[in-house]
Structure formats: C-alpha cells, structure tokens
Amino acid sequence: MSPHAQQWLSIPKAESTYPAQDDTAGWLAMIEQSNSAIATQFTSQPLPVSTEDETIAGVPVFVVTGPGVADDDRRIHINFHGGGLIMGGGAVCRAMTGISALSAGLRTWGVDYRMPPLHPFPAALDDAMAVYRAALEIREPHEIVIAGGSAGGNIAAALLLRAKDEGLPMPAALVLNTPELDLTESGDSFVTNAAFDNLLSSLREVNELYAAGQALDEPYLSPLFGDVTGFPPTFLKTGTRDLFLSNTVRMHRKLRNAGVEAELHVGEAMPHGGFGGAPEDQELDAELQRFLARHTA
C-alpha cells in the first residue's frame, strides 16, 4: 500500500450520536457542524477546475469543468454527492463536485438536492428526476452519465428505477462509488467490517429520518431491492474494509443476473469512500475514465 493510503487508514473513526427523530433543531445543528468540518477538509487545497453556480429545473446545480474537457464535448456527468442523505450540501457539494469532475474526466453537474430533516424522502429523488428530465431536453441519453457516491449512489440508482417506471430513457452509463443501496443494512459487511471501516458506522437512525415513515426496503429507498432489468452499463467501486462492501457486491451480482454489463472494482484494505486521493484512488479513477470512454459518445 502507498504511504498515503497507510496514513489514511491510521485515522481513528469518529463515533456519531444522533438526536431524537423529532428533534429538528438538534439535527440541523449536528448537520451544520459536520458540514463545517467536511468543508474544511475538502476546500483545504484549490482544484484545477472552473465552477458555475446554476439553477436547473429549480434545483441548485454546480457545473464543473476540469482540465482537458473540450468546449464541444457534449457529455454530461450528473453526480449526486455523499453525506449519509443528510449532509454534504452547499459548499461541500460544490467542493465534492470538483473532485468528481476530476475523477470522471467529464463536465459534471453536481446536484445540491434537498435533504432531511426539513426535506425528507422523496424530496431528494424528486430533485434528481427534475435535473435528469432537464438534461434529456438538451442532450441525447447516450451523452449522459448518472453517478453517485455513498448516499449519492442511493439517489443515482433510485433515479434510474424511477426513470424506468416513468418511461424515460436510460443514460449511457451508471457509476456507483461505495453506494448506500440498502437502508435496512442487511448485508454481511455491516457486521464484518463494522470494526474495520475507519470512516463509516451504521446509519440506521439517519435512514429512518430520511425515510420519514416509509418502509426502508421500498426500492426507491433501497435500490438494491428494485428491478434493475434494462439498466445501462454500470461501474461499481468499493473496498475490502468498506462498510458498504455488501451493498456494492450484491448490486453487482443483481445487475449481472439481470443481463446488465457491470464492472466491480474492489480496493485492497480500502475503507468507505477510498483513501483521500492516494495512488490507489487514482488507479480506480483511470479505470472509471476508461469505462466511460467506452460507453459514452
């Protein structure tokens, strides 16, 4: 392992405690504090990207262009940020969109979707649908990639389930980076990796807040339990220490059993979300860019 990855693994896990479900002020205060800490981490060094703040179909979107993206490149990489379905909005979304744009090598729309406690399910999915519909008005489906990491992977996969149900065309590709696809947390790695993922612990209280009384195994909430027949080629990434390893592996098998082309990449000793920009992350970024080059116009 690279020294960077080893250093990342040495960071101790920060245990979280959550307010009561009906303590809106408590949740908002916790989210603000967490976002502030995350923003400090992600904005410590400037990225070689240009960012425009847009509103698309009534939804705030950060349009980010990285180096080497030609002006006439019509491809759009619509990305949904992580943050446990409650964090990662605003300035954090802006910064994470820059990182996602560099990873994919495409012009990226970072969707600043609504979140609990003020906007529980299905607000985030409604925002995702609105942005996807707007993209289809200006681009062909084969020019669009849908992507998400962690909680954003939940939104991305749920978006395709709903788009299919509503008769919309599938995009060129789907990218799921350490995705949160099962809010019931039924997979093996929720037990086996609980002590080894130094970033992530169970999010059951957060999942209940997001679901707002809906059953957690409902496919728009837990896309792992949906019908993925007809999904586009899909790139999946996880790590052997990722709490969401089971989410990713099970989704890969589900896609393959449905006849969908799907690539699964598992990083050795990698915790949730990767190694913070280590060479191991850059290797997987190169894999992603090769995948997207094959499946987009």
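A quick note: this is a predicted structure, and the numbers were derived from the prediction, not measured. (Residues numbered from 1 in each chain as written. Predicted model: local features only at pLDDT ≥ 70, side-chain atom pairs only at ≥ 80, totals over all residues. Heavy atoms only, no water.)

### A look at the packing of helix 4 (residues 123-138) against helix 5 (residues 151-165)
Logical step 1: The contact between helix 4 and helix 5 brings their axes to 10 Å, and the two run at 65°. Classified by the interaxial angle, the pair formed by helix 4 and helix 5 is roughly perpendicular. Crossing handedness for the pair helix 4 and helix 5: right-handed. Residues Ala 124, Leu 125, Asp 126, Ala 128, Met 129 and Tyr 132 of helix 4 pack against Ile 155, Ala 158, Leu 159, Arg 162 and Ala 163 of helix 5. (Axes fitted to C-alpha atoms, helices over the stretch in contact; angles between N-to-C directions. Helix = DSSP H or I, 4+ residues; strand = E, 2+ residues; numbered from the N terminus. Parallel < 35°, antiparallel > 145°, perpendicular 65-115°, else oblique. Left-handed = near helix turned anticlockwise from the far one by under 90°. Contact = heavy atoms within 4.5 Å.)

### Some words on the nonpolar core
Logical step 1: Counting 50 residues, the largest nonpolar core has Ile 78, Phe 80, Trp 109, Ile 146, Leu 159, Phe 231 and Met 251 as its most contacted members.
Logical step 2: The biggest single contributor to this core is helix 5, with nine residues.
Logical step 3: Those residues within four positions of Met 251 in sequence are excluded, and the remaining contacts are Ala 157, Leu 176, Leu 181, Pro 223, Leu 224, Val 228, Phe 231 and Leu 236.
Logical step 4: Formed by twelve residues, the second largest nonpolar core is a distinct cluster that contains Trp 27, Met 87, Phe 190 and Leu 203. (Core = buried A, V, L, I, M, F, W, Y, C linked by side-chain atoms within 4.5 Å. Buried < 20%, exposed > 50% of the residue type's maximum accessible area, 1.4 Å probe, protein only.)

### Focus: the sheet that holds strand 3 (residues 76-80)
Logical step 1: Pairing within the open sheet is mixed, and its eight strands lie in the order 1-2-4-3-5-6-7-8. The two strands at the open ends of the sheet, each matched to only one other strand, are strand 1 (50-56) and strand 8 (262-267). Here the average twist between neighbouring strands, direction ignored, is 20°.
Logical step 2: Two strands pair when backbone bridges link them, and strand 6 (residues 173-177) and strand 7 (residues 234-239) are joined in this way by four bridges, in the parallel orientation. Considered in strand 7, the bridge of Asn 177 is made with Lys 237.
Logical step 3: Helix 5 rests against strand 3, strand 5 (144-149) and strand 6 of the sheet, and its axis sits at about 140° to strand 5. (Pairing = 2+ DSSP bridges.)

### Observations regarding the packing of helix 2 (residues 24-42) against helix 3 (residues 91-104)
Logical step 1: It is at 9 Å that the axes of helix 2 and helix 3 come closest, and there the two elements cross at 35°. Here the hand of the crossing between helix 2 and helix 3 comes out left-handed. Across the interface between the two elements, Asn 35, Ile 38, Ala 39 and Phe 42 of helix 2 pack against Val 92, Ala 95, Met 96 and Ile 99 of helix 3.

### Describing the side chain of His 265
Logical step 1: Checked against the element boundaries, His 265 lands in strand 8.
Logical step 2: Within the structure, the side chain of His 265 is placed 2.9 Å from the side chain of Glu 263, a separation counted as a polar contact.
Logical step 3: Ignoring anything within four residues of it in the chain, the contact list for His 265 reads Phe 235, Leu 236, Lys 237, Thr 238, Leu 284 and Glu 287. (Polar contact = N/O pair within 3.5 Å; in protein donor to acceptor, adjacent residues only side chain to side chain.)

### A look at the environment of Asp 182
Logical step 1: Position of Asp 182 among the secondary structure elements: in the loop between strand 6 and helix 6 (189-192).
Logical step 2: Considered as a pair, Asp 182 and Ser 246 are 64 residues apart in the sequence and their alpha carbons are 9.2 Å apart.
Logical step 3: Not counting the four nearest positions on each side in its chain, Asp 182 is found in contact with Gly 187, Phe 190, Ser 222, Leu 224, Phe 225, Asn 247 and Arg 250.
Logical step 4: There is a polar contact of 2.6 Å between the side chain of Asp 182 and the side chain of Ser 186.

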